[in-house]
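Remarks on the overall topology
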Amino acid sequence: MGGWTGKLLRVDMTAGTAVPEDIPQEWMEEYVGGRGLADRYLYEEMDPTVDPLSPENVLIFATGPLTGTCAPCGSRYMVITKGALTNCITTSNSGGFWGPELKFAGYDLVMITGASPTPKYLFVYDDRVELRDAAHLWGKTVGETEDGLREELGIPGLRTCCIGPAGENLVKFACIMNDKHRAAGRSGVGTVMGSKGLKAIAVRGTGGVEVSDGDAFMKALWDMRGEMIVNPTYEAFGMFGTASTIDLTQAFGGLPTRNFQQGQFEHAENLNGNTIRDTRLTTNKACFACTIACGRVCELGEHSDKFLVNTHPKNWKQAGEGPEYEAAWALGADTGVGDLDAVLKANWLCNDLGMDPISMGSTLASAMELYQEGRVTDEHVEMPLEFGSAEALVRMTEATAYREGFGDDLAEGAKLMGEKWDNPDVFMGVKGQEFPAYDPRGFVGMGVAYATCNRGACHLRAWTPGFETSESTPHTTDGKSEWVVHEQHRSTVHDSTGLCLFTGFAGGTLETFVPLVAAATGVDYTLDDLVTIGERTWNLERLWNLKAGLTMADDNLPKRLLSEPHTEGPSAGVTVDLDAMLPVYYRERGWDEAGVPTEEKLVELGLASM
Amino acid sequence: MTMMLNIVPDRCTGCMHCELACSWVQTGTFQPSRSLIRVNVFDEEASYAPFTCLQCDEAWCMNACPVNAIDVDGDSGAKIVSESLCIGCHLCTIACPFGTVYTLPLTDTASKCNLCGGQPACEAACPTAAIEFVDADQGGDWLEPWAETVNSKYVAASG
């Protein structure tokens, strides 16, 4: 057996125990690993109706069979739990170096159950596993926590994932951060970790990841790298990072601006890949085994004295990694802020305090709309929350993590905040999760992708703009649902193998890595097998959500997207006809009219017993 | 001819493909803890650089070995440890000024870069050509200009 270690580390925070156990071979084969395998455990281990912040919620860290190998971008791990922001299943993905280190220590999965009354951190050094007191780390930022653990433990090569103050303060969209700047970002997985009293997992592994057929693996590796190196996106990601996407969304009127009130941002050029590269980039940074290196390391340098707030990082001149496209949009265009330094600083704060910059920016944008409407006024806030206020962006980001003043409202996410201030329509998202950076009125297919994603609004399960601007057209509904279904299966396979989704955009498609998965695991997987596993996983997540109480009413979009078109730009006049797309989506999936998987479909996928 | 691995730090992205390739050659698994090339990460400088044996002309590891277990490969000029001769005294690991001789965990014998018999796996694996396999006479001296650049940053910062 290769690829998998076959071990799960079961950590009971209530009892204070951490014990390894074997993973059933048939589960590994039926779900490949990562997201799929962890979904299977989550289905088995918890009642989907429980409060996500209760000890009964289960938090799983999951690597895939290619995590820790030299497969291109085989750096990923996923965090699977009931999302604090969304109240449905969530599957957050992160790169960096922590996931591979967990494999080197000998574990595919870590499962956290229960809750500890006092802060703890988990220490894993190969076979040695201990839950240790973390009182001295509680309250520390992500950077301080990681540096603190490295110093305290003195183990070269130690890798850490942790929560920042936002996770401790149960900010609903807190992240789990690893390697300081990498995040399992969305849906409040860090909030769940905070509720369990788990500050960090520090890992050092000295073992190796085996593969079943070495010769076949290395051949498949070079075939895949050969496909990637000639792909134009491969080079563009390295050159300009993901923020180059701003040019695409801006051109099609799909760059949501001022809480989706416009589809183009007049200062978009201040935030795009070229500007970041020309003015603030220090170097590229790769995750483990990544051949693309889309990561940006940016420096504020002489601009570091702008927008000072109370949180002073150790090296304020260096903004750290990012911003990626989503962060540059959420903290920039969506709040109307066109100052790159403010965006960099807010992004840095999100990383160091452990918050999702997408939800942070979107929630602030919703608050700015409440302020614009006059519902939130100067007596409620410490500074005017006007669209475009760079000062408000940086300060409110900090205030949210510490729940100071109006930050306490922001920390609940846009949905609950909108309800509290009597305008639920300012919430731009699905299933409690704020939208990422694509306006479905510019790319209509994103509408059905957002509405149907199992973890709430998400761009990573079926990214339609590429398809809609090449093989299809952006404003039509025909063929969108079918494509989204197809893509959701494929992206799920990415998440389950441990490869980064970006390999797929950069020439390393599912077709190219099927032989890698087969050679690593020794299971004779074909392309169809893996796509079926993607579909099985997607349906299992759907069943989990239905058990949690979700219905087809949750597969919806905000009123603004359905009935309020933009008045200017390339997407003027377009609204999203979800009623046309959703029934097609359900039909394509083999679900009934209410979005429930049919008995026939479940039998076909081997899920009949569920 | 003596060959060497010439490092171009500015091209390194810190991805560790060199460590993975090296450990694959050593162990047949992906195991960075067994790699003979190591990526050094300078977080605050946003700088990364792999580092391995420089195949010194006057190899201190070789001179220090009491049992002549380190020999020069005729083709590549690589300094190679004979596992059967090594007695595990660790003197070579202490003698090496660059810290690029390691000990194997199970046998406690010395292990160092042997240039993979003339086809270094790390060089082939590097996606950014940050590792070049070159004639030592032409490759040398990359450390000096790099050290100067790094130093000048510190001098300017303290300045």
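Just above, that's the structure.
These notes cover the structure that comes with them. Per chain, residue numbering runs from 1 following the sequence as it is written. Key to labels: chains lettered from A, ligands numbered from 1, both in the order written. Local features in this predicted model are restricted to residues of pLDDT 70 or higher, and side-chain atom pairs are both shown and tallied only at a pLDDT of 80 or more, whereas totals for entire chains, interfaces and linings draw on every residue. Values reported for side chains reflect all heavy atoms of the structure, with hydrogen atoms and water molecules removed beforehand.

1. Examining the interface of chain A and chain B
The criterion used for residue contact is that any of the two residues' heavy atoms lie within 4.5 Å. On the chain B side, the residues contacting the 35 residues of chain A number 20 residues. Criterion for a salt bridge: a side-chain nitrogen of Lys or Arg within 4 Å of a carboxyl oxygen of Asp or Glu. Applying the counting criterion to the chain A and chain B interface returns zero salt bridges. In protein, a polar contact requires one atom able to donate a hydrogen and another able to accept it; more generally it is a pair of N or O atoms within 3.5 Å, and residues adjacent in sequence count only if both atoms are side-chain atoms. Inspection of the chain A/chain B interface yields seven residue pairs in polar contact (both at pLDDT 80 or more). A helix here means a DSSP run of H or I that spans at least four residues, while a strand means a run of E at least two residues long, and both kinds are numbered starting from the N terminus. Elements with a contribution of two residues or more to the side of chain A that touches chain B: α7 (214-229) and β13 (281-285) of chain A. In terms of residue count, α7(A) provides more of the side of chain A that touches chain B than any other element does, five residues in total. Under the grouping applied here, Gly and all other residues not named as nonpolar or charged are polar, the nonpolar ones being Ala, Val, Leu, Ile, Met, Phe, Trp, Tyr, Cys and Pro and the charged ones Asp, Glu, Lys and Arg. Taken together, the residues of the side of chain A that touches chain B break down into 16 nonpolar, 12 polar and seven charged.

2. Considerations on helix α23 (residues 527-547) of chain A
One full turn of an α-helix is made of 3.6 residues, so residues set three or four places apart face in the same direction. A rise of 1.5 Å per residue sets the reference length of α23(A), with its 21 residues, at 30 Å; its end C-alpha atoms lie 30 Å apart and thus fit the reference within 8%. Of the residues one or two after α23(A), Gly549(A) is the one with positive phi, at around 110°. Expected span, for any helix, means 1.5 Å times one less than how many residues it has.

3. Some thoughts on the pattern of salt bridges
Residues and elements named next belong to chain A. Across all of its chains, the model carries 43 salt bridges over all chains by this definition. Of the charged contacts, one joins Asp341 and Lys306 as a salt bridge, the two residues approaching to 2.9 Å between their closest N and O atoms. With a gap of 35 residues between them, Asp341 in helix α13 (residues 340-353) and Lys306 in the loop between β14 (295-299) and β15 (318-321) connect regions that are remote in the sequence. Only protein chains enter the accessibility calculation, which uses a 1.4 Å probe; a residue is then buried when its area is under 20% of its type maximum, exposed when over 50%, and partly exposed in between. Using a relative accessible area of 4% as the deciding quantity, one classes Asp341 as buried. For Lys306, a relative accessible area of 32% gives the class partly exposed.

4. Let's talk about the packing of aromatic side chains
Residue and element names in this part refer to chain A. For Phe, Tyr and Trp, rings pair up if their centres lie within 6.5 Å, where Trp contributes its six-membered ring, and each pair is then called stacked (planes under 30 degrees apart), edge-to-face (over 60) or tilted (otherwise). Going through the model one piece at a time under the given rule, you end up with 24 aromatic pairs over all chains. Taken together through their ring pairs, the aromatic side chains of Phe237, Tyr325, Tyr438, Trp463, Phe502 and Phe505 make up a single cluster. Charge-over-ring placement is defined geometrically: NZ (Lys) or CZ (Arg) within 6 Å of the ring centre, and within 35 degrees of the ring normal. Above the ring of Phe123, the side-chain terminus of Arg132 is found at 4.2 Å from the ring centroid. Directly above the aromatic system of Phe240 lies the positively charged group of Arg277, at a separation of 5.8 Å from the ring centroid.

5. Some points on the nonpolar core
Counting residues in hydrophobic clusters, the biggest one holds 97 residues, and the most contacted among them are Tyr41(A), Ile60(A), Phe217(A), Ile292(A), Leu516(A), Leu530(A) and Phe30(B). The dominant element in this core, judged by the number of residues it contributes, is helix α22 (residues 510-521) of chain A, at seven residues. Not counting residues up to four positions away in its chain, the partners in contact with Ile60(A) are Ala38(A), Tyr41(A), Leu42(A), Met78(A), Val79(A), Ile80(A), Leu109(A), Val110(A) and Met111(A). Counting 92 residues, the second-largest nonpolar core is a separate cluster that includes Leu385(A), Met396(A), Ala401(A) and Tyr586(A). By nonpolar core is meant a set of buried Ala, Val, Leu, Ile, Met, Phe, Trp, Tyr and Cys residues that side-chain atoms within 4.5 Å join together.

6. Some thoughts on the sheet that holds strand β8 (residues 128-133) of chain A
Residues and elements named next belong to chain A. Taking strand neighbours across the sheet as the criterion, the six strands line up as β8-β7-β12-β9-β10-β11 in an open arrangement whose pairing is mixed. Single-partner strands in this sheet number two, and they are β8 and β11 (182-184). Here the average twist between neighbouring strands, direction ignored, is 20°. Where strand β7 (residues 120-125) lies against strand β12 (residues 198-204), six bridges are found, and the strand directions are parallel. Across the sheet, Tyr121 pairs through a bridge with Ala200, a residue of β12. Those strands touched by helix α3 (residues 98-105) are β7, β9 (159-162), β10 (176-178) and β12, and its axis lies near 60° from that of β12. At least two bridges found by DSSP between two strands is the condition for calling them paired. To get an axis, a line is fitted to the C-alpha atoms, and for a helix only the part in contact is used. The angle between two axes follows their N-to-C directions and goes from 0 to 180 degrees.

7. Concerning the sheet that holds strand β6 (residues 109-113) of chain A
Residue and element names in this part refer to chain A. On the basis of which strands lie adjacent, the open sheet formed by six strands has the order β2-β1-β6-β3-β4-β5 and mixed pairing. A single partner strand is all that each edge strand has here, and the edge strands are β2 (17-22) and β5 (89-94). Put simply, the sheet's adjacent strands are angled 20° from each other on average, direction ignored. Where strand β4 (residues 77-82) lies against β5, six bridges are found, and the strand directions are antiparallel. When the sheet's bridge partners are listed, Thr81 is paired in β5 with Thr90. Taken strand by strand, α3 contacts β3 (59-63), β4 and β6, and its axis lies near 85° from that of β3.

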